Amino acid sequence: MKIKKDFIKGNKKIKIISNGGKPFPIPDSWQPVLSKCDMLVIIPDMHMYIYNSHLDNFKYGADAMLKFLNHLSTLKEEMELVDQTLRIYQLGDLYEQRFPGLHGPNATAIEIRMSHPDYDQIINSMNLMRTHFLYGNHDFELRHFPGFRFAALEGKVYIEHGFTPDSWQDFSNPIASLWEVGQFMFLTIREINDFFANLLVAADVIQKDEFYSWGVPSGKDPVYKYPSEKDYLKDYGHCLKYYSERMKKNSELKNNDTKITVIGHTHHPYIKTNVNNGKHIFIDAGAWTSGRSDFVVITNEELAICCYKR
Amino acid sequence: MKKTKHIFILFPFLLILLQVGCTNYPVLQEPDAQEFNQTVYSSALRDSLQEGKLTAGMPYFVVTQLFADYSTSMMETKIPVATLGSKQRLQEEEGWNRKYVDPNINVFLDEYETSKGKLYVWYQRPNFYTLDVSQRDTLCVFYEDTIYCSVINYLNKSSVLTIRDSLQQLPTQTSFYAEIHYNDHPWREISYWYDIQILSNAKTFKLGDTNYELYPIELMEFNNEPVSSFKWREVNNED
């Protein structure tokens, strides 16, 4: 299946942002890379948070997400009519649970989902399409519930949120990516952030629903650009190194046939097609938050990082 | 000494009494009848709304509109609970006091303080399994002044069902209001569906992508008694 013909189907809101706007062809010797579906769509970090909060950086992309899910729903139905399967993954950090909650120190998935009809509709729509959910470091608690996994293998495609190579600057440490002390500090910083945001509202310095989260872009302005390789290697080179080595070791030791690794977590879309001398492909899916609206499409013939325009 | 002690006891008591006596309950707002009539086609539910009665089966947005003037201190909304009738908020904890709730929970409770007592409202995300729909129940779809009814042949899955007759008159990709009339159910007679769509085979229906505004009210309790309807105008008149 071809991405432009069979996935985009003339939808002007969908643009390929990787590889100069062209889908990357999957080497013939690897095909088929998918085993139980014909097309894979992977939606990265969304970080949905309580809608009216100053800290929510998803709300500006919510309407685009509903439209995108509608596109997927129609496509899935049409593919089913000809006995083809579209499989959808949410790559983790669906919810932002490391920010203050309404009834406790941190927000819960239900508080977030029920904070706005659009948010509830997004989750309902994903469930109706039988979306596969992974958990990330910001919604790690979801690992307790059925339907949420750490990673998935779809044929020769390995999918994981991507927090395992975390370093000190991500409130973790290299040997404990979800370090309790770091997570506690992060939550405390956000509580202080929330306190000052409310204070500024009371003093009429900012509006009630104005965005005020430290260090996170609000998402009000859309971001469609594909960042440079240099930037990715500078900030997230450790992720690429970690997964490149893992793919190499897997193929040597376990006779593992994984060819493509897809992660999220960094909010920075990136594809490297010649990992380990062209034996593997590494994809960072980007994010659907803070103005970004990225996702990954993989068929047996092609792959691409796309974005959905507002 | 004894006198001082009495003052200590009396003073907080008077304060509480004053607080109770002065509690000012906001007026319950009239729901938007136009919006209601665009969503709900049932004459029984429309009559209930006109008579000032919040009734089981109505969509949740009616509750939101009724209590629009309430402050957060007088109500608690969207409490996740395990089942209809349960009043216990679901919440678990791990690590350093991190809270979490099962994201798959679909039953919610609202709690309101009114001048005549406490009102509890339960509502849930509907699907054909949770609302006990089965073979031989009747699906009635409302479209352009006509009601199209047919017996349900089978349930395909929790959100899809197939009827016996072919309803070619109904357009695809359109949201309909529908009712399911139960054939043999211990307590349900009708369930109300606010977004149902027909597929191209003219026999299969699927649930639309709904949100909590259209979740049907399933159960109500007023002053610790289960009630089939809540008369908000009577509560307003008491104030």
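Preceding this paragraph is the structure being described.
Let me sum up the structure you'll find in this document. All values reported here derive from a predicted model rather than from experimental measurement.

Residues and elements named next belong to chain A. Using the criterion set out here, one finds 27 salt bridges over all chains in the structure. The salt bridge involving Arg 113 is made with Asp 120; its shortest N-O contact spans 2.8 Å. The same class applies to Arg 113 and to Asp 120, which are both buried. The residue Arg 246 makes a salt bridge to Glu 160 at a minimum N-O spacing of 3.0 Å. With a gap of 86 residues between them, Arg 246 in helix H6 (residues 229-253) and Glu 160 in strand S8 (residues 157-160) connect regions that are remote in the sequence. According to the relative accessible area criterion, Arg 246 is partly exposed, its value standing at 24%. Glu 160 gets classed as buried once you look at its relative accessible area, which sits at 0%.

All names here are of chain B. Sheet architecture is closed into a barrel: 6 strands sit in the order S7-S8-S9-S12-S11-S10, paired in antiparallel fashion. Going from strand to strand, the sheet's axes swing by 45° on average, the running direction of each strand aside. Pairing of strand S10 (residues 176-181) with strand S11 (residues 190-198), which is carried by 5 bridges, proceeds in the antiparallel orientation. Within S11, the residue paired with Phe 176 across the bridge is Ile 196.

Residue and element names in this part refer to chain A. A large share of strand S11 (residues 280-284) lies buried, amounting to 5 of its 5 residues. Burial along S11 is two-sided: His 280, Phe 282 and Asp 284 and Ile 281 and Ile 283, pointing in opposite directions, are all buried. Taken together, the 4 bridges between strand S9 (residues 260-263) and S11 define a ladder with parallel strand orientation. Looking at the pairing, Ile 263 lines up with Asp 284 of S11. Of the pairings in the sheet, the one linking strand S10 (residues 270-275) to S11 comprises 4 bridges and is antiparallel in character. Of the residues in S11, the one forming a bridge with Tyr 270 is Asp 284. Between S10 and S11, which pair antiparallel and follow one another directly, the connecting turn spans 4 residues, one of which, Asn 276, has a positive phi of 50°.

Let us now look at the interface of chain A and chain B. At the junction of the two partners, chain A supplies 35 residues and chain B supplies 34 residues. Carbon and sulfur atoms supply 55% of the area buried between chain A and chain B, which totals about 3,000 Å² over both sides. Contact with chain B buries area across many residues of chain A, yet Ile 110, Met 114 and Phe 145 of chain A alone supply 20% of it, more than any other trio. Inspection of the region where chain A meets chain B yields 4 salt bridges. One salt bridge connects Glu 180 of chain A with Arg 98 of chain B, and the closest N-O pair in it is separated by 2.7 Å. There are 21 residue pairs in polar contact (both at pLDDT 80 or more) connecting chain A and chain B. Across the side of chain A that touches chain B, the residue classes tally to 13 nonpolar, 14 polar and 8 charged.

Thresholds, definitions, all that
- All residue numbers here refer to positions counted from 1 along the written sequence of the relevant chain.
- A letter from A marks each chain and a number from 1 marks each ligand, given out in the order of writing.
- Restriction of local features to residues with pLDDT of at least 70 applies here, the model being predicted, together with a cutoff of 80 or more for giving and counting side-chain atom pairs; totals for whole chains, interfaces and linings are based on all residues.
- Hydrogens are left out, water is left out, and the side-chain values use all remaining heavy atoms of the structure.
- Each salt bridge in this description consists of a side-chain nitrogen of Lys or Arg and a carboxyl oxygen of Asp or Glu lying within 4 Å of one another.
- Under the scheme applied here, a residue whose accessible area is under 20% of the maximum for its type counts as buried, over 50% as exposed, and between as partly exposed, the area being computed with a 1.4 Å probe on protein chains only.
- In DSSP terms, a helix is any run of H or I states spanning at least four residues, a strand is any run of E spanning at least two, and both are numbered starting from the N terminus.
- In this scheme, strands are said to pair when DSSP sees at least two bridges between them.
- Structural elements are reduced to axes, namely lines fitted to C-alpha atoms, with helices fitted over the stretch in contact, and the angle between N-to-C directions of any two is expressed from 0 to 180 degrees.
- The contact rule is simple, with two residues in contact once any of their heavy atoms fall within 4.5 Å.
- When two parts are put together, the accessible area they lose, computed with a 1.4 Å probe and summed over both, is reported as buried area.
- Within 3.5 Å is the distance limit for a polar contact, defined as a pair of N or O atoms, with the added protein rule that one can donate a hydrogen and the other accept it, and that residues adjacent in sequence qualify only through two side-chain atoms.
- Polar here means any residue other than Ala, Val, Leu, Ile, Met, Phe, Trp, Tyr, Cys and Pro, which are nonpolar, and Asp, Glu, Lys and Arg, which are charged; Gly is therefore polar.

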